[in-house]
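Structure at a glance
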Amino acid sequence: MYGLVATLIAIAAVWALAYRGVSLVVWTAMVAVYLLGLFATGGMGSSGLVIAAVIGIPVAAIVNLPRLRQRLVTGGLFRVFRKVLPSMSDTEREALEAGDTWWETDLFRGRPDWRKLHEMKVTELSDEEREFIDNQVETLCAMLDEDDIVRREHDLPQKAWDYLKNERFFSLIIPKAYGGREFSSLAQSTVVSKISSKSLSAAVTVMVPNSLGPGELLMKYGTDAQKDYWLPRLADGREIPCFALTGPDVGSDAGGMPDYGVVCRGEHNGEEVLGIRVNFSKRYITLAPVATVLGLAFKLHDPDRVLGGEQDIGITCALIPADHPGVKIGKRHFPMGLAFMNGPLEGEDVFIPLEWIIGGQPMAGKGWRMLVECLSVGRAISLPALATAASKVSYRTTGAYARIRRQFKLPIGKFEGVQEGMARIAGGTYTLEAARRLTASAGDMGIKPSVVSAIAKYHMTERMRVMVNDAMDIHAGRGIIYGPRNYLGYAYQAMPVAITVEGANILTRNLMIFGQGAIRCHPYVLAEMEAAQNKDLDAFDRLLVRHVGYSINRGTRALTLGLTGARLAGSPVAGPLARYYRQLTRMSTALAFVSDVAMGVLGGDLKRRERLSARLGDVLSQLYLASAVLKFHADGGRDADELDHVRWALEHALAEIYRAFDEFFDNFPNRAIARGLRIVVFPLGRPYKAPEDRLGSRIAERMMAPGGVRDRVTAHTYLGASADDAIGRMEATFELLMKAEKPYGVFQKAVSRGEVDGYTFDEQLANAVAGGVIDEADAKLVADYEKARYDAIVTDAFDKAELTPRSELEARRRDVA
């Protein structure tokens, strides 16, 4: 019996110490205390104590004395680690080191501090920003007809271009000292989002100058002379910028860029100066056809070492006027048939002076790091805003349409199959708006969120794809007919563009989120790599000891939280959401442990096993999105009206986390370790499932009701100045339905029961009044609604001449001539 009790005490003590994550000194002291306790209580004799001391003291010395530990243990590991350390290209290193880590670090390390999250000051729009959104952005949206822009004109109307320049839409990020608006990151996101809800073509036009481009690069890296000249001209619209990075052979791998410049002497403004002769061929450059100044990325070479350094200097960014000799500009691409300006740029033997390098000669060769750092901010704003806008339009219009449109004498939103898609739209839109708000605010906190921006770009555009598809499915014929009444078709058409630009989604998911996140967010891995590269055994030894303790702690915590249903995890709130905080902490801990084991077992091979690392990235991403939902709900006062949306979003995130882990374990190459990991993470089996049908039905019903959560998640959506607008028409009809629904229902039931005669609606309505089914006032309301209802659900139709084939029109012109 004594032996059993002593064994249980030892197991409990080891478990508690591992769960707490105590230091080596504490471990050593507790082992000594336990052995002395056994001796004092008669569980161990004098000889046993002596044997334990003979064995234990040398082990304790090896473990606790760094020099001895290095000589006998970590020195050998250090040599092996240096040999297996994966190679890293210069562009990979610069991408890895660029930007900042943020809240995702807490999530990756397994012990998220939820109070820290809730204490973060998310940006609030200033009065100036709100006024701009409510006035100038509203005015701009009223000018735009996306159907006319895309299908007929293939460009914004000239009055819109003029308004964009005059109202400084291209200067949202430029400081006021240079004539810009100097808006917050959240304001930029909100401006882009609202414009996107009316016209994707206009939104992209505004988005690019305020994202990765000359303006931001000049602000961060430009010389004073460059800022003084270019920023005021960019701010007031005298200059339209574009940035040329990608090309036929250059996408994600900037290191493979064939565009080059050679340091040489040449003529500029009638004088011989030191400069660069550049040759380039770029593609897919937004605003290129109308740009007056282009930012250009190229590889700089100095074969004669004129600048006194390396011959191959590296990627460099320069600013070149579009009318500079040798620059070829003006042709257009036709991306997915949309109208925003996009096209190629070419240059042959274009000579530019050295001072045209952004930042001057000292910034030569530093272009890739400049680009990655700026991209991490822009990518956190622009595409998430566009994706959120598409989801908001889908939410608002689908909710209204599902209540207005009737089949089999019921609103289609009452059918469970329709509600399934509506639930994805509702929960997804809540998630995207929460993530947009939190992610954009990072920039206002001075954070360059490289990992979070990748999470936002990939997952928000992918969720947009799902939600727009669902909205199209529910709208059916109403969604597929192009024309001025269609508010979904061009968002559907644009989805591949959002998926592709600013880092293709396949690359972003498979290489960036976990690849960058694991190294940047881990407390020891990057430092261990640097210690190995610097041949610093002391640092490596110290880090490795802490790393082992970290791994043991996270594994113990993961198993403990799994066995207890996460009841030992903390929550900053009580009530129905406390469970979700605990479960997210549990999955955060599991991610920390599984990531450590995967990196330890696979080493550099994990980098090449992209599908495995992508699944761990999915876990990190879902943890981030779920935390954004909790933050958004808390910041909104934890309104009970939102609770079902919050629960659906969180349960969806947890189900996706389970799916990612499940597929990771199924495909991990070492099957024994995979089974062990599964037991540690899910010791009692599958803990999470997709949201229940009943919950989905409730949020679908809530989508079809006015006010409350519907207004909050779709805030800053352009709803139209009148019922002639595509969305405005649906909104006006929905509002009228709220007044007319009761008498309309009474009338429809009377018709279906045969209590009202007549073949046409007008005959039936007149007979209903005559028969006392409804009174005159209600009949007027019902008639007004029926007219609006039909106008809202009907699709556009065109005269044959309007869709006449171009070949036929040209033939007619020739005949006339």
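Refer to the structure presented above.
These lines cover the structure that appears in this document, whether it is placed above or below. (Residues numbered from 1 in each chain as written. Predicted model: local features only at pLDDT ≥ 70, side-chain atom pairs only at ≥ 80, totals over all residues. Heavy atoms only, no water.)

**Describing the overall build of the protein chain**
A count of helical and extended segments in the protein chain gives 34 helices and 9 strands. Dimensions of the protein chain along its principal axes, counting C-alpha atoms only, are 110 × 85 × 45 Å. In the protein chain, which comprises 817 residues, the proportion classed as buried is 53%. A separation of at least 24 residues holds for 76% of the contacts in the protein chain among residues at least 6 apart in sequence. Approximately 35,100 Å² of the protein chain is accessible, and the part contributed by carbon and sulfur atoms is 54%. Taking the 98 positively charged and 98 negatively charged side chains of the protein chain as two groups, their mean positions are separated by 7 Å. (Helix = DSSP H or I, 4+ residues; strand = E, 2+ residues; numbered from the N terminus. Buried < 20%, exposed > 50% of the residue type's maximum accessible area, 1.4 Å probe, protein only. Contact = heavy atoms within 4.5 Å. Areas by Shrake-Rupley, 256 points an atom, 1.4 Å probe, with all protein chains shown as cover. Lys, Arg positive; Asp, Glu negative; His and termini not counted. Charge placed at Lys NZ, Arg CZ, Asp CG, Glu CD.)

**Brief notes about a nonpolar patch on the surface**
A grouping of M1, L4, V5, L8, I9, I11, W15, L563 and L684 is seen on the molecular surface, where their side chains present a nonpolar patch of about 940 Å² in accessible area. Secondary-structure assignment places V5 in helix α1 (residues 2-20). On the basis of relative accessible area, V5 is assigned to the partly exposed category, the value being 37%. (Patch = residues over 30% accessible without salt bridge, like charges linked within 9 Å, V, L, I, M, F, W, Y side chains within 5 Å. Salt bridge = Lys/Arg side-chain N within 4 Å of Asp/Glu carboxyl O.)

**Concerning the packing of helix α17 (residues 416-444) against helix α27 (residues 643-667)**
Taken N-terminus to C-terminus, the directions of α17 and α27 make an angle of 90°; their axes are 9 Å apart at the nearest point. Relative to α27, the element α17 is oriented roughly perpendicular. Between α17 and α27, the contacting residues are A423, R424, A426, G427, G428, Y430 and T431 on the first element and H645, V646, W648 and A649 on the second. Broken down by class, the residue content of the contact of α17 with α27 amounts to 6 nonpolar, 4 polar and 1 charged. (Axes fitted to C-alpha atoms, helices over the stretch in contact; angles between N-to-C directions. Parallel < 35°, antiparallel > 145°, perpendicular 65-115°, else oblique. Nonpolar A, V, L, I, M, F, W, Y, C, P; charged D, E, K, R; others polar.)

**Some thoughts on the pattern of salt bridges**
Taken as a whole, this structure holds 49 salt bridges when the rule is applied. As a salt-bridge pair, R509 and D618 come within 2.7 Å of each other at their nearest N and O atoms. Of the two residues, R509 sits in helix α21 (residues 505-521) while D618 sits in helix α26 (residues 610-635), which places them 109 residues apart along the sequence. For the pair formed by R509 and D618, the shared burial category is buried. Taken together, the salt bridges that share partners define one network made up of D147, D148, R151, R152 and E802.

**Structural notes on the pairing of strand β2 (residues 260-268)**
Here 9 bridges tie β2 to strand β3 (residues 271-286), and the two strands are oriented antiparallel to one another. Its bridge partner being in β3, H268 is matched across the sheet by E271. The hairpin turn running from β2 into β3, its antiparallel successor, is 2 residues long, and N269 in that turn takes a positive phi close to 55°. Sheet topology places β2 next to strand β4 (residues 293-301); 3 bridges connect them, and they run parallel. Paired with Y260 across the two strands is K299, which belongs to β4. (Pairing = 2+ DSSP bridges.)

**Thoughts on helix α12 (residues 200-207)**
Along α12, 8 of the 8 residues are buried, which leaves the element largely enclosed by surrounding structure. Looking only at α12, the buried set comprises L200, S201, A202, A203, V204, T205, V206 and M207. Check the buried side of α12 and you find it contacts α9 (146-153), α10 (158-166), α11 (185-196), β3, α16 (382-404) and α20 (489-500).

**Regarding empty space enclosed by the protein**
Evaluated as defined, the whole model comprises 2 cavities of 30 Å³ or more. Roughly 30 Å³ of internal volume is contained in the second largest cavity. In terms of lining, the second largest cavity is formed by T431, R463, Q622, L625, A626, A649, H652 and A653. Contributing elements (two or more residues each) for the lining of the second largest cavity: α26 and α27. In terms of residue class, the lining of the second largest cavity is built from 4 nonpolar, 3 polar and 1 charged. (1 Å grid on protein atoms, 1.4 Å probe; cavity = no way out; pocket = protein on both sides within 12 Å on 5 of 7 lines; lining within 4 Å. Points joined across faces, edges and corners; volume = space filled by probe spheres on them.)

**Section: the environment of L410**
Tracing the sequence through the fold places L410 in strand β9 (residues 410-411). Spatially, the C-alpha atoms of L410 and G745 are 9.8 Å apart, while their sequence positions differ by 335 residues. With residues up to four places along the chain from it excluded, the contact list for L410 reads R405 and F415.

**A word on the side chain of T589**
Residue position: T589 is located in helix α24 (residues 578-602). Judged by its relative accessible area of 0%, T589 is buried. In this structure T589 touches G110, R554, R557, A558 and L561, once residues within four positions along its chain are discounted.

**Considerations on the packing of aromatic side chains**
Each aromatic ring pair is summarised here by two numbers: the centre-to-centre distance and the angle between the ring planes. Per the counting criterion, the structure on display carries 20 aromatic pairs. Considering the side-chain rings of F132 and F169, the 4.9 Å spacing of their centres and the 50° angle between planes classify their relative orientation as tilted. Of the two residues, F132 sits in helix α8 (residues 127-143) while F169 sits in the loop between α10 and α11, which places them 37 residues apart along the sequence. The pair F132 / F169 is uniform in exposure class, with both members buried. Ring geometry for Y229 and W230: centres 4.9 Å apart, planes at 90°, overall edge-to-face. Taking the relative accessible area as the measure of exposure, W230 reaches 12% and is therefore buried. Aromatic rings pair up to connect Y658, F661, F664, F665, F668 and F682 into one cluster. Positioned over the ring face of Y580 is R579, at 5.1 Å from the centre of the ring. Over the face of the ring belonging to F632 we find R712, whose NZ or CZ atom lies 3.6 Å from the ring centre. (Phe/Tyr/Trp six-rings, centres within 6.5 Å; stacked < 30°, edge-to-face > 60°. Lys NZ or Arg CZ within 6 Å of the ring centre and 35° of its normal.)

**As for unusual backbone geometry**
For residues other than glycine, phi is negative in most cases, and the peptide bonds are mostly trans. One non-glycine residue with positive phi stands out, namely D349, at about 50°. Among the secondary structure elements, D349 is positioned in strand β7 (residues 342-353). Looking at D349, the relative accessible area reads 44%, which means it is partly exposed. Even without glycine at this site, K409 takes up a positive phi of about 70°. With respect to the helices, strands and loops of the structure, K409 is situated in the loop between β8 (406-407) and β9.

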